[in-house]
Amino acid sequence: MTSPAEHGAPAEHGAPPAEEGARRRKVVVWQHDQARLQHDVIGLGDVQSDTVYGRLLVRSLTRAQLGLSLMCLAIALAVIASLPVIMALLPSARKVTVAGLPLTLVILGAGIFPVLMAVGWFYNRQASQLEARFIDLVDPVGRRLDA
Amino acid sequence: MLNVPAVAAIATVTLLTVAVGARGVRIARTPDDFLVAAREVPPGLNAAAISGEYLSAASFLGIAGLIVSQGLGALWYSVGYTAGYLVLLLLVAAPLRRFGAYTIPDFAEGRFASRGLRRATTGLVLIIGWFYLLPQMKGAGITLQLVLGTPYWVGVVALGVVVSANIAMGGMKGVTFVQCFQYWLKLCAIGIPALVLLAATGHGSTRNLSPDAQPVFTHRTTVQVQTSTEFKLARPATVRVTGTLDRARLADQTVFLPAGLHTARNGAVLVFGAGSPVPASLSMIQPASTTWDSPFLTAGTDGTHPLLATYGVIIATLFGAIGLPHILVRFYTNPDGGAARRTTLIVVVLLSTFYLFPAVLAVLTRLRAPELYLSKDPDSVVLSLPSLLMPGRPGELLGALVAAGAFAAFLSTSSGLLVSVAGALSHDVMRGGVGTFRLCAIIAGTIATVAALPVNRFSLGLLVGWAFAIAASSFCPLIVLGIWWRRLTWIGATAGVLVGGGACCCAIVATMFGAATRSWGAALLGQPAVWTVPLAFSVMVVTSLLTQESTPPHVEHMMLRMHLPEGLVRRTYHAGRPYSRA
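Treat the numbers as computed from the prediction; the structure is a model and nothing was measured.

Calculation notes
Residues numbered from 1 in each chain as written. Chains lettered and ligands numbered in written order. Predicted model: local features only at pLDDT ≥ 70, side-chain atom pairs only at ≥ 80, totals over all residues. Heavy atoms only, no water. Helix = DSSP H or I, 4+ residues; strand = E, 2+ residues; numbered from the N terminus. Buried < 20%, exposed > 50% of the residue type's maximum accessible area, 1.4 Å probe, protein only. Contact = heavy atoms within 4.5 Å. Areas by Shrake-Rupley, 256 points an atom, 1.4 Å probe, with all protein chains shown as cover. Buried area = accessible area lost by both parts, 1.4 Å probe. Salt bridge = Lys/Arg side-chain N within 4 Å of Asp/Glu carboxyl O. Nonpolar A, V, L, I, M, F, W, Y, C, P; charged D, E, K, R; others polar. Phe/Tyr/Trp six-rings, centres within 6.5 Å; stacked < 30°, edge-to-face > 60°. Lys NZ or Arg CZ within 6 Å of the ring centre and 35° of its normal. Expected span 1.5 Å × (residues − 1). Pairing = 2+ DSSP bridges. 1 Å grid on protein atoms, 1.4 Å probe; cavity = no way out; pocket = protein on both sides within 12 Å on 5 of 7 lines; lining within 4 Å. Points joined across faces, edges and corners; volume = space filled by probe spheres on them. Patch = residues over 30% accessible without salt bridge, like charges linked within 9 Å, V, L, I, M, F, W, Y side chains within 5 Å.

Q: How should the overall build of chain B be read in this particular structure?
A: The number of helices and strands found in chain B is 22 helices and seven strands. Among the 582 residues that make up chain B, the fraction classed as buried is 63%. For chain B, contacts bridging at least 24 residues in sequence account for 82% of all contacts bridging at least 6. For chain B, the accessible surface area stands at approximately 19600 Å², while carbon and sulfur atoms represent 66% of it.

Below is the structure:
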């Protein structure tokens, strides 16, 4: 198990992050009966000690998460918000009927729901993969041990 | 015309609710209890519980009523309520769960370390909660009015008393299993009648659905006027009348009625031939500029600027779900962020399934029971439909099922809201303990009951839409920016919440008092979300940028807490405790 780094007091916003010297640790890893040394790895320790690299890592994570969220939101909004505009610009579209039912009824009453579910499902998958990749990046050995 | 099975069904649902509550089932308020419970609750069960509580009077009665009276544009409400949960999933689900706050004021205080902001959010919890309670009360009033024939206020007072007493005695809310059962009950209560009625009457002409068609009776129909109604005929009609019509007593005589307004006293019987235009009471008439199949909603009496009103509803419902006070609590029963995402997705699926059915009922009304256009209140259409389409025992039973589901919706949503409101009152305003909570439950319930008496004339869908608009203009920016933007300060947050929420409240109150009924004013005041939501976001951003020196401390720590994936959390926090109440 990786020895947990000292969880120091969280740094104040605006205060400079911990010195770079803090990240130069040798981490001793025990795996079954082998001992391995990992040198100067930028990873979980930086996040815990709030170093420059730690902040960079966390920022890259949140940026990726936000990017994914906003992309999926944009897709959902594009579908939802475009319908009134399209209907307004194409009056003939309102007259279309599907099996005797107005197109509006078919879309808003049933057709749009699978689209919403698909966006949600896609987001969940991508979000889990994103988090798994981050864990792999930051704490690869620990992740395997944790399995 | 007493529907005995309906009375029995409503009584059963109410007694079950009170019985479970009287057993003193409480919500555990410490995080540890929740953690223990959460590990045993599978996401499907949790999702059903959330959906069960989310579906209120508006979903059950209001949407169908709006579709019948205002047209297909009302479908935007059902799309919005479902998509609102999708937006919640995309923007806040996992981080909010990881933060660990129990209520929105807790989140505000924990994230910004500001008591001022906490007070502001508490105030808005009270406003939104009461706004959402009013339509539930109204729903109870009109349901009992239809089923028992009692005056409107009897239902309102009955619901108020039952819910307040239930909460004060020990609270039924919080039992996930009970809330989960509520969802399936509501789904059956609206799905079974919809499917049965569809199977029984669905075949046949769909002429009344054709674009631009004014509804006509497809066959000879006898309409019995229950209460004196003023109605409008779009075209002239030849009608066989027994009773008092336009102040003339007639006995089985055929009269020619010109287009326009007419009055029928109660007890009159009108027989319309096939192809006659359908009479519509004044509350069921759309503005002249739109047709029934128009995909837009309108505001005001002249129906102009439909795009603005439609987008107002879309924005309010899409972004309001995040800000509903009684939703955050349900979130906390997920074990971690990943589970919160899975649960929320299942909620979207469950809601989508439910919202198929109000549309079915509304379409059947227009096609097969157009005499319901004489109803004084669109919200009662769903309750009347089964007996009208299937006279006799089967219709009575289906009607009983719908009434039971509707009452279950009122009870569960009101309970959840009353707990939020009473909790906010007792903890933040009066700073008391359990005894104060019970007192606050009674006070809050009484205020809601009294306030619900004059709101009869506003449709359920509209009232709930307004609650969503206030939530979207105040709490949505607070939570979204609080989760994703490091530089949000407590001053900015407070300013945004107060300006957005305040502006929206003022617009809505102005509309309720009839401030603007035409053109731009009606659209902007009637569906204010279209400008109050961007206003709130802008105020928050600009004010925060101007007050950067008061950024709360430990922002990085909180970002870690909200965004770090579950696999790493155990190693980063040696204590591993989520946020606990100060």
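Structure's up, so let's keep going.
Q: Would you explain the interface of chain A and chain B in this entry?
A: One frequent convention defines the size of an interface as the accessible area lost when the parts assemble. Contacts between the two partners involve 59 residues from chain A and, on the opposite side, 55 residues from chain B. Taken over both partners, the interface formed by chain A and chain B buries close to 5100 Å², and the fraction arising from carbon and sulfur atoms is 72%. Summed over the shared surface of chain A and chain B, the number is three salt bridges. Between Glu131 of chain A and Arg98 of chain B there is a salt bridge whose closest N-O contact spans 2.8 Å. Elements represented by at least two residues in the side of chain A that touches chain B include exactly helix 1 (44-49), helix 2 (52-89), strand 4 (101-102), helix 3 (103-138) and helix 4 (140-146) of chain A. By residue class, the composition of the side of chain A that touches chain B is 35 nonpolar, 14 polar and 10 charged.

Q: Help me understand the packing of aromatic side chains, please; the structure alone is not making it clear to me.
A: The geometry of an aromatic ring pair is captured by the separation of the ring centres together with the interplanar angle, meaning the angle of the planes. All names here are of chain B. With the rule as written, the count across this model stands at 13 aromatic pairs over all chains. Where Phe99 meets Phe107, the ring centres are 5.0 Å apart and the plane angle is 65°; that geometry is what we call edge-to-face. Summarising the burial analysis for this pair, Phe99 and Phe107 share the class buried. These aromatic residues form a ring-pair network of at least three members: Tyr54, Phe60, Tyr77, Tyr81, Tyr85, Tyr132, Phe354, Tyr355 and Phe468. The ring of Phe112 carries Arg111 above its face, with NZ or CZ at 4.9 Å from the centroid. Lying over the aromatic face of Phe99, Arg561 brings its terminal NZ or CZ to 4.4 Å of the ring centre.

Q: Hey, could you run me through helix 16 (residues 434-452) of chain B in this one?
A: Every α-helical turn comprises 3.6 residues, leaving residues that sit three or four positions apart pointing alike. All names here are of chain B. End to end, helix 16 covers 27 Å across 19 residues, agreeing with the expected 27 Å (1.5 Å per residue, within 8%). Of the positions making up helix 16, those classed as buried are Thr436, Phe437, Cys440, Ala441, Ala444, Gly445, Ala448, Thr449 and Ala452. The inward-facing, buried residues of helix 16 abut helix 8 (115-148), helix 9 (152-169) and helix 15 (393-429).

Q: How should the pairing of strand 6 (residues 269-272) of chain B be read in this particular structure?
A: The side chains of a regular strand alternate, first on one face of the sheet and then on the other. Residues and elements named next belong to chain B. Two elements, strand 1 (residues 221-224) and strand 6, share four bridges in a ladder whose sense is antiparallel. What sits directly across from Thr221, in strand 6, is Phe272. Sheet topology places strand 3 (residues 237-245) next to strand 6; four bridges connect them, and they run antiparallel. The residue of strand 6 that forms the bridge with Thr242 is Val269.

Q: Whenever I open this one, empty space enclosed by the protein confuses me. Can you help?
A: Empty pockets left among the atoms are what a rolling probe the size of a water molecule brings to light. Evaluation of the coordinates by the stated rule reveals six cavities of 30 Å³ or more. Volume-wise, the largest cavity comes out at about 80 Å³. Lining the largest cavity are 13 residues, and of these Gln65, Tyr123 and Glu131 of chain A together with Arg341 and Trp484 of chain B sit closest to its centre. Put simply, the parts of the chain that give the lining of the largest cavity at least two residues each are helix 2 and helix 3 of chain A together with helix 6 (93-99) of chain B. Top element by residues in the lining of the largest cavity is helix 3 of chain A. It accounts for four residues. Each residue belonging to the lining of the largest cavity can be placed in one class, and the counts come to seven nonpolar, three polar and three charged.

Q: Even after reading the chapter, I still don't get a nonpolar patch on the surface, so can you show me in this structure?
A: Residue and element names in this part refer to chain A. Together, Met71, Ile75, Val79, Val115, Trp121 and Phe122 make up an exposed nonpolar region whose accessible area comes to about 490 Å². Broken down by secondary-structure element, the contributors of at least two residues to the nonpolar patch are helix 2 and helix 3. With respect to the element layout, Ile75 can be found in helix 2. When its relative accessible area of 39% is taken as the criterion, Ile75 is described as partly exposed.

Q: Which parts of the structure should I look at to understand unusual backbone geometry?
A: If a residue is not glycine, its phi is most likely negative; likewise, a peptide bond is most likely trans. Residue and element names in this part refer to chain B. Phi angles above zero are rare outside glycine, and Asp246 is one such case at about 50°. Considering the arrangement of structural elements, one finds Asp246 in the loop between strand 3 and strand 4 (248-257). Since its relative accessible area comes to 36%, Asp246 is described here as partly exposed.

Q: Sorry if this is basic, but what is going on with the environment of Leu96 of chain B here?
A: Residue and element names in this part refer to chain B. Secondary-structure assignment places Leu96 in helix 6. Along the backbone, Leu96 and Val348 are 252 residues apart, and their C-alpha atoms lie at a distance of 18 Å. Beyond its immediate chain neighbours, meaning those up to four positions away, Leu96 contacts Phe107, Leu328, Ile479 and Ile483.

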